[in-house]
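Listed here are the chains, written in short residue letters.
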Amino acid sequence: MVVFSGNKETATPNDAMSSSDSAEDDFRKPALPISNLNLGKAIHTLNALQQEFPEVIPLNVGGTFFTTRLSTLRRYEDTMLAAMFSGRHRIPCDAEGRFFIDRDGAYFGDILNFLRAGELPAWERVRAVHREAQYYSIGPLLASLEEVQPLTGEKVRQAFLDLMPYYKENFESILEIAKLRAIQRKARFAKLKICVYKEEMPVTPYERPLFNSLRFERSESEAKLFEHHCEVDVSFGPWEAVADVYDLLHCIVSDLATRGINADHQCIGVCDKHLINHYYCKRPIYEFKITWW
C-alpha cells in the first residue's frame, strides 16, 4: 500500500515544463548594456591617462629651470618636445611641480629661442646646439644650423675627405701608433713619419714637364713598376680634388686637436726610393710630433 501525504506536493510533468519555460524566459530577457558601460569606462580611463598641461609650462631640464608656453613646445609637430607635451605620454615632475626632462640644460635655452622666434645661437655654440637639436629631433633647427659656420665649412671639408681613401682608418692608425710608441718609450710625446701625396706621379712638380707622358700614357704593366710603399708609419693619397697636400695636413692636425691632442709637423724630405731607370718616388714625408700631456 502506498500512502500519499496531503501536506506534500508532488511534482508533475506540467510543473517540470513550467520550470523549463521559466529558465528559457530568463535567457530571453534583454541583457543589460554591459558593453556600453565598459566602453564608457574605457573612454573615461583613456581620458584620465592623457596628461593635461597648463598654457605656461615650468620646466626642469637637468637641474636648470625654464618657463615657456605650451604652444612653443608644440611649434613643430614631428619633434620630440611636441610628442612629449602632446598628452599621450606621462612626464614626471620634480618636487616643485616642474616638468622634468633628464637632459643637460646648458643649451636648452638656445632650443627655446629658436622655437620662439627662429633665433640661432652664436657660432661658438653652434656645434653643441646642433647635437641638442639632433636629440630633440628638431628638423628646421638642424637645417638652419647646417647653413652657418662652422657647420657649413665642415660640410665642405667632409666632401673633400670623402674622396680620400681610408682617411678615418689612417687617422686612427696615427693615434694608435703614437700611443703605443709613447707608452713603450715612457715619453710625453711620440714621433711618426707620415707620407702625404696628392698624385701618383713619381716625379716632383719641377720634373713633370720632362716626363709629361708618364701620367697619361703609362700602360698597366708599367704602372705596376711604380707601385711601392714608402717606409713611413702612415700614408695618405692619392686623391683627385682641388685641395692640396697642405689642406689634408690641416685636416689631420685639426682632427687631432678635436681629440684634445697637440700635434706639430714639418716636412723632412721626400721618399728617395728608386723605382725604375731614372725614376724615383719623390713623395713628401712629414714628421709628426704627437704630444700627449
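Residues numbered from 1 in each chain as written. Predicted model: local features only at pLDDT ≥ 70, side-chain atom pairs only at ≥ 80, totals over all residues. Heavy atoms only, no water.

The name given to the protein in an unreviewed UniProt entry is BTB/POZ domain-containing protein KCTD7, and the organism recorded there is Huso huso.

### Points about the sheet that holds strand 6 (residues 262-270)
Across the sheet, four strands lie side by side as 5-4-9-6; this open sheet has mixed pairing. Edge strands, defined here as strands with exactly one partner in the open sheet, are strand 5 (234-236) and strand 6. Averaged over all adjacent pairs, the angle separating strand axes in this sheet is 30°, with direction ignored. Of the pairings in the sheet, the one linking strand 4 (residues 189-196) to strand 9 (residues 284-291) comprises seven bridges and is antiparallel in character. Each residue of the ladder has a partner; that of Ala190, found in strand 9, is Ile290. Packed on one face of the sheet, helix 9 (residues 167-185) meets strand 4, strand 5 and strand 9 and runs near 150° to strand 4. Helix 12 (residues 245-258) rests against strand 4, strand 5, strand 6 and strand 9 of the sheet, and its axis sits at about 15° to strand 9. (Pairing = 2+ DSSP bridges. Helix = DSSP H or I, 4+ residues; strand = E, 2+ residues; numbered from the N terminus. Axes fitted to C-alpha atoms, helices over the stretch in contact; angles between N-to-C directions. Contact = heavy atoms within 4.5 Å.)

### Digging into the packing of aromatic side chains
Per the counting criterion, the structure on display carries 10 aromatic pairs. Ring pairing ties together the aromatic residues Phe66, Phe108, Tyr135 and Tyr136, which thus form one cluster. When the ring centre of Phe65 is taken as origin, the NZ or CZ atom of Arg98, which lies over that ring, is 3.8 Å away. The ring of Tyr135 carries Arg103 above its face, with NZ or CZ at 3.8 Å from the centroid. (Phe/Tyr/Trp six-rings, centres within 6.5 Å; stacked < 30°, edge-to-face > 60°. Lys NZ or Arg CZ within 6 Å of the ring centre and 35° of its normal.)

### Quick notes on helix 5 (residues 108-117)
Inspection of helix 5 places Phe108, Asp110, Ile111, Leu112, Phe114 and Leu115 among the buried residues, and these make up the whole buried set. Summarising the contacts, the buried residues of helix 5 are in contact with strand 1 (56-61), strand 2 (64-69), helix 3 (70-73), helix 4 (80-84), helix 6 (126-135) and helix 7 (139-145). One or two steps after helix 5, the chain reaches Gly118, where phi turns positive at roughly 70°. (Buried < 20%, exposed > 50% of the residue type's maximum accessible area, 1.4 Å probe, protein only.)

### Section: the side chain of Arg157
Within the fold, Arg157 resides in helix 8 (residues 151-161). Residue Arg157 is classed as buried on the basis of its relative accessible area, which comes to 17%. What Arg157 contacts, discounting residues up to four positions off in sequence, is Tyr167, Cys251, Ser254 and Asp255.

### Thoughts on the pairing of strand 4
Direction of pairing for strand 4 relative to strand 5: parallel, over a ladder of three bridges. When the bridges of strand 5 are listed, Ile194 appears paired with Val234.

### Here's the deal with the environment of Lys282
Structurally, Lys282 can be placed in the loop between strand 8 (279-280) and strand 9. The class for Lys282 is partly exposed, based on a relative accessible area of 26%. Taking the C-alpha atoms as reference, Lys282 lies 8.6 Å from Gly269; in sequence the two are 13 residues apart.

### Some words on the pattern of salt bridges
Applying the stated criterion to the full structure yields 10 salt bridges. One salt-bridge network, held together by shared partners, links Glu154, Arg157 and Asp255. (Salt bridge = Lys/Arg side-chain N within 4 Å of Asp/Glu carboxyl O.)

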